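# Structure assessment
Residue-level listing of the chains:
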Amino acid sequence: MSIIEFNKVTKSFNHHKVLNEASFTVPQGSVFGFLGNNGEGKSTTVRLMLGLLKPSGGEIRLFNRSASTVLPRCLNNIGCIVDAPALYQHLTASEYLSLSQRIKNIPKNDIDRVLNIVEMLPSKNGVIAQFSLGMKQRLAIANALLGAPDLLVLDEPTNGLDPQGMLDIRELLRRLPEKTGCTVFVSSHLLNEVERMVSHVAIINRGEIVLQDTLRNLVKAEGKLTVSCLETSNALALLSAANFQCSSNVSGELIVSDITQTQCTQVHHILSKHHIDFWQSNFDQLSLEETFMKICSKQENVSSLIKKRVA
Ligand SMILES: Nc1ncnc2c1ncn2[C@@H]1O[C@H](COP(=O)(O)OP(=O)(O)O)[C@@H](O)[C@H]1O
Ligand SMILES: [Mg+2]
C-alpha cells in the first residue's frame, strides 16, 4: 500500500512553477528520502502533503484516499516537524509531552513509549533548556510520535545538528518503521546523510522528479573500477578503443568510470589478453551523492542543449 502519492502535482507561485507535474509514491513501511538542493521545492512539497498549501494541478493521495477528502481529518494520523521545533524551554521533557498530549487530545498516556523510542527516557525529568540541540530534536520527534501516527513527515530534520546529533537522528529514523510500523518521509539536501538511513529515494531537480527508486537499486548499478597495473598508457588506449570511459589518476592507476560490476570482468579479460599485468583491481559503487551529481549534470546537459537549439 502507498502512504503518500503525488500524481502529476504542479504548484506555482505567481506564475513561478516550483513543482512541475511531480509524481512519486511513498510505500508503507519505507523511510523515504526526498532529496534536492536548496530552493528546489522540498518544503513546498511537504506543505502540499500536509494541506498547508493547495496544488495548482494534479492529485495528492494520503493513505490511499484523495487528500482533499481526508485532510485535515487525517492529520491526527501524521506526525510532522516542518520547522525548528518550538519547545517550551522551562518545562521538563515529560511536562512538555504531557501538555502536547492534552492539546492533541490523546486519551492514553503515551509519554514513556515515545521517550523510549527516541532513547530519552532517562532525561524524562530534565529541563528542556539544558538539552543539547540533538536532544531537543529527538524530543520533537517523540512529540510527533505521540498517539502513534502511521506517517511521520520531517523537513530537513538534521539541519544545524552536530555530527553526533545527526548520527542519533539517522539511527532513530532508520529503525523507526520496524520499531513502530510508522512510515517516514524525510526531506534533505544532505545526500550522504540520507544515504545511511533511507530505503527509498526521490530526487527533485528544477521542480521535476528526476529519479525515484529504492536505495539498493540506485547505488548498486554503476561504479568505478581502479586498476593498479604496469603500462597504464597502453591499457588506457586498449580500453578506450573498447569504448570504456577511462583515465589515470595521480598515482598512475587506471580508472574506468561508468562501469557495472559485470563489465569489470571484460576489463580484466582485455588486460590479460594483451599481457598487461595488474596486481590490484577494486570496484567501488557510486555513492548516492555521485549518482545525484551525475543525474543533475545530465539534466544540465539536456537543458543547455535545448537552449542552444532554440538560440
Ligand atoms: N509562499 C511562497 N511564495 C512564493 N514563492 C515561494 C513560496 N514558498 C516557496 N517559494 C519559492 O519556491 C521555491 C522552492 O522553495 P522551497 O519549497 O522552500 O525549497 P526547499 O525547501 O527545497 O529549499 C523557491 O524558489 C522559493 O522562493
Ligand atoms: Mg526547505
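In this report, the structure presented in the accompanying data block is examined. (Residues numbered from 1 in each chain as written. Chains lettered and ligands numbered in written order. Predicted model: local features only at pLDDT ≥ 70, side-chain atom pairs only at ≥ 80, totals over all residues. Heavy atoms only, no water.)

This part takes up the packing of aromatic side chains. Each aromatic ring pair is described using two quantities: the centre-to-centre distance and the angle formed by the ring planes. Going through the model one piece at a time under the given rule, you end up with seven aromatic pairs. One aromatic cluster is present, built from ring pairs that chain together Phe6, Phe24, Phe32, Phe34 and Phe185. (Phe/Tyr/Trp six-rings, centres within 6.5 Å; stacked < 30°, edge-to-face > 60°.)

What follows concerns the side chain of Asn143. Along the polypeptide, Asn143 turns up in helix 5 (residues 133-144). Asn143 sits in the buried class, given a relative accessible area of 13%. (Helix = DSSP H or I, 4+ residues; strand = E, 2+ residues; numbered from the N terminus. Buried < 20%, exposed > 50% of the residue type's maximum accessible area, 1.4 Å probe, protein only.)

The subject of this paragraph is helix 6 (residues 163-180). Taking 1.5 Å per residue, 18 residues should reach 26 Å; helix 6 reaches 25 Å between its end C-alpha atoms and fits that length. At Arg174, helix 6 is deflected by roughly 35 degrees, the largest bend along its length, and proline Pro177 occurs up to four residues later in sequence. Within the sequence span of helix 6, burial applies to Gly165, Met166, Ile169, Arg170, Leu172, Leu173, Leu176 and Pro177. Packing partners of the buried residues in helix 6 comprise strand 3 (31-35), helix 4 (111-117), helix 5, strand 7 (151-155), strand 8 (183-188) and helix 7 (191-195). (Expected span 1.5 Å × (residues − 1). Bend = angle between axes of the 7 residues up to and from the residue. Contact = heavy atoms within 4.5 Å.)

Before going further, it helps to spend a moment on the side chain of Ser66. Among the secondary structure elements, Ser66 is positioned in strand 5 (residues 65-66). Among the polar contacts listed, one links the side chain of Ser66 to the side chain of Ser68, at a separation of 2.9 Å. Residues within four places of Ser66 in sequence aside, it is in contact with Glu59, Ile60 and Arg61. (Polar contact = N/O pair within 3.5 Å; in protein donor to acceptor, adjacent residues only side chain to side chain.)

Here we come to the site of ligand 1. Around ligand 1, the surrounding shell consists of Phe13, His16, Val18, Asn37, Asn38, Gly39, Glu40, Gly41, Lys42, Ser43 and Thr44. In the model, an oxygen atom of ligand 1 is placed 3.0 Å from a nitrogen or oxygen of the Gly41 main chain. With respect to ligand 1, the side chain of Thr44 contributes an N or O atom lying 2.5 Å from an oxygen atom. Coverage of ligand 1 by the protein chains reaches 61% of its 560 Å² of free accessible surface. (Near = heavy atom within 4 Å. Areas by Shrake-Rupley, 256 points an atom, 1.4 Å probe, with all protein chains shown as cover.)

Take the sheet that holds strand 14 (residues 278-285) next. Across the sheet, which stays open at both edges, the four strands sit in the order 12-13-11-14 with antiparallel pairing between neighbours. The open sheet terminates on both sides in strands that have one partner only, identified here as strand 12 (245-248) and strand 14. Looking at each pair of strands side by side, their axes are set apart by 20 degrees on average, direction ignored. In this sheet, strand 14 lies alongside strand 11 (residues 223-229) in antiparallel orientation, the contact comprising seven bridges. The residue bridging Ser228 from the neighbouring strand is Gln280, located in strand 14. Packed on one face of the sheet, helix 9 (residues 232-241) meets strand 11, strand 12 and strand 13 (254-259) and runs near 170 degrees to strand 12. (Pairing = 2+ DSSP bridges. Axes fitted to C-alpha atoms, helices over the stretch in contact; angles between N-to-C directions.)

Pairing of strand 1 (residues 2-13) with strand 4 (residues 57-62) involves five bridges; the strand directions are antiparallel. If you follow Ile4 over to strand 4, its bridge partner there is Leu62. With two bridges connecting them, strand 4 and strand 5 associate as antiparallel partners. Each residue of the ladder has a partner; that of Arg61, found in strand 5, is Ser66. Once strand 4 ends, the chain turns through two residues before running back antiparallel as strand 5, passing Phe63 with a positive phi of about 50 degrees.

Let's shift gears to helix 1 (residues 42-49). Summarising burial for helix 1: six of the eight residues are buried, a large majority. Of the residues making up helix 1, those classed as buried are Lys42, Thr44, Thr45, Val46, Leu48 and Met49. Trailing helix 1 by a residue or two, Gly51 shows a phi angle of about 80 degrees, which is positive.

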